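As a plain string of letters, each chain reads:
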Amino acid sequence: MPIDLYYVPGSAPCRAVLLTAKALNLNLNLKLVDLHHGEHLKPEYIKLNPQHTVPTLVDDGFSIWESRAIITYLVNKYGKGSSLYPEEPKARALVDQRLYFDIGTLYQRFADYFYPQVFGGAPADKDKLAKIEDALQLLNTFLEGQKFCAGPTLTLADLSLVASVSSFEASDVDFKKYPNIKRWYETVKSSAPGYLEANEKGLDAFKGLVNSMMKK
Ligand SMILES: N[C@@H](CCC(=O)N[C@@H](CS)C(=O)NCC(=O)O)C(=O)O
């Protein structure tokens, strides 16, 4: 039974799932969703995910969305014992903390700042930018003396956060001025399995979308 992933290449949360699948050596049956033409609002899609977001994963009739719920599910189901999501409670708690930091703080602040500019033609808001800088400073602190963001080895936290942070490349947010983030970014790029295919290609699509929207 194939595992279906409903996705959009440029989307950061979708890229986090693709990175996880590569790291687990798992083949996903990719199903493009045309957000632009409202495919995610059609009854067939709403049946799978009433929240109508991508990514959505369907595994043998089980439908799950929210990228971080998807990636932890994939390791729990297909990567038992994998260091990507350690089972030892404290090590796992650290990964979870970083995942929640990503969804609730870092990526959220980026979305609050950048998406009104891209999709709504709003001017850049300095206060919102300051909030991102504050979150980046926190990530830089988490990475002090650490190769990866939740301990000594690559985890789901790195895959989720790298999908988010790489998206900043499409904006004027200069995350590379934070030395620990800059080092970590290069480390993850060179050590996450299938990085080019799973993140870089979609990131290029995201940059293209941003450029086309900003020109309008
Ligand atoms: N927190 C969610 C965010 C998902 C999300 O907002 N995806 C966007 C694309 S990047 C989407 O599906 N937008 C269409 C909609 O919300 O109707 C996750 O990590 O999966």
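Conventions used here
Residues numbered from 1 in each chain as written. Predicted model: local features only at pLDDT ≥ 70, side-chain atom pairs only at ≥ 80, totals over all residues. Heavy atoms only, no water. UniProt positions renumbered as here; feature names shortened; annotations may be inferred. Buried < 20%, exposed > 50% of the residue type's maximum accessible area, 1.4 Å probe, protein only. Helix = DSSP H or I, 4+ residues; strand = E, 2+ residues; numbered from the N terminus. Pairing = 2+ DSSP bridges. Right-handed = clockwise from strand over helix to strand, strands pointing away. Near = heavy atom within 4 Å. Polar contact = N/O pair within 3.5 Å; in protein donor to acceptor, adjacent residues only side chain to side chain. Areas by Shrake-Rupley, 256 points an atom, 1.4 Å probe, with all protein chains shown as cover. Nonpolar A, V, L, I, M, F, W, Y, C, P; charged D, E, K, R; others polar. Domains from an automatic or database assignment. Contact = heavy atoms within 4.5 Å. Buried area = accessible area lost by both parts, 1.4 Å probe. Salt bridge = Lys/Arg side-chain N within 4 Å of Asp/Glu carboxyl O. Phe/Tyr/Trp six-rings, centres within 6.5 Å; stacked < 30°, edge-to-face > 60°. Lys NZ or Arg CZ within 6 Å of the ring centre and 35° of its normal.

Where an unreviewed UniProt entry is consulted, the chain appears under the name Glutathione transferase, with the organism given as Spodoptera littoralis. Recorded under Subunit (unreviewed entry), the UniProt text for the chain is reproduced unchanged: "Homodimer."

K.L.:
Run through the pairing of strand β1 (residues 3-7), naming residues and quoting values.
P.N.:
With five of its five residues buried, β1 lies for the most part within the structure. Judged by which residues are buried, β1 turns out to be covered on both faces: I3, L5 and Y7 on one side and D4 and Y6 on the other are all buried. By the bridge criterion, five bridges tie β1 to strand β2 (residues 28-32) in an arrangement that is parallel. Bridging from a neighbouring strand, L5 pairs with L30 of β2. The handedness of the β1 to β2 crossover, carried by helix α1 (residues 12-23), is right-handed. Pairing between β1 and strand β3 (residues 56-59): four bridges, direction antiparallel. When the bridges of β3 are listed, D4 appears paired with V58.

K.L.:
Explain the environment of K182 residue by residue, including any values.
P.N.:
Structurally, the position occupied by K182 is in helix α7 (residues 179-191). Distance in space between the C-alpha atoms of K182 and N140 is 9.0 Å, their sequence separation being 42 residues.

K.L.:
Which residues make up the site of the ligand, and what are the values?
P.N.:
Near the ligand the following residues occur: S11, P13, H40, H52, T53, V54, P55, E66, S67, R68 and I103. With respect to the ligand, the backbone of V54 contributes an N or O atom lying 2.9 Å from an oxygen atom. In this structure, E66 approaches the ligand through a side-chain N or O atom, which is 2.8 Å from a nitrogen atom. Considering the ligand on its own, with 510 Å² of exposed area, one finds that the protein chains cover 70% of that surface. Classifying every residue of the shell around the ligand by side-chain character gives four nonpolar, five polar and two charged.

K.L.:
Can you break down the domain arrangement of the chain residue by residue, with the values?
P.N.:
In terms of domain boundaries, the chain breaks down into domain 1 (3-79) and domain 2 (89-215). Taking only C-alpha atoms, the centre of domain 1 and the centre of domain 2 are 20 Å apart. Contact with domain 1, which involves 16 residues of that partner, is made by 24 residues of domain 2. Contact between domain 1 and domain 2 buries roughly 1600 Å² in total, counting both sides, with carbon and sulfur atoms accounting for 70%. Of all residues in domain 1, R15, L19 and R68 give up the largest surface area on contact with domain 2, accounting jointly for 43% of the area buried on that side. Where domain 1 packs against domain 2, one counts one salt bridge.

K.L.:
Tell me about the UniProt feature "domain: GST C-terminal" (unreviewed entry) in the chain, residues and numbers included.
P.N.:
Here, the residues flagged by UniProt with the feature "domain: GST C-terminal" (unreviewed entry) are residues 88-209. Counted over residues 88-209, helix gives 73% and strand 0%. Its end C-alpha atoms are 41 Å apart.

K.L.:
I'd love a proper account of the packing of aromatic side chains, names of residues and values included.
P.N.:
The final tally for this structure, using the stated rule, is 13 aromatic pairs. Relative to F110, the ring of Y107 lies with its centre 5.9 Å away and its plane at 45°, an arrangement referred to as tilted. Residue Y107 and its partner F110 are located together in helix α4 (residues 89-120), separated by three residues, close to a single helical turn. A relative accessible area of 15% means that Y107 is categorised as buried. Grouped by ring-pair contacts, the aromatic residues Y107, F110, F114, Y115, F119, F168, F175, Y185 and F206 constitute a single cluster. Against the face of Y85 rests R92, its NZ or CZ located 3.7 Å from the ring centre. Taking NZ or CZ as reference, R98 lies 4.3 Å from the ring centre of F142, over its face.

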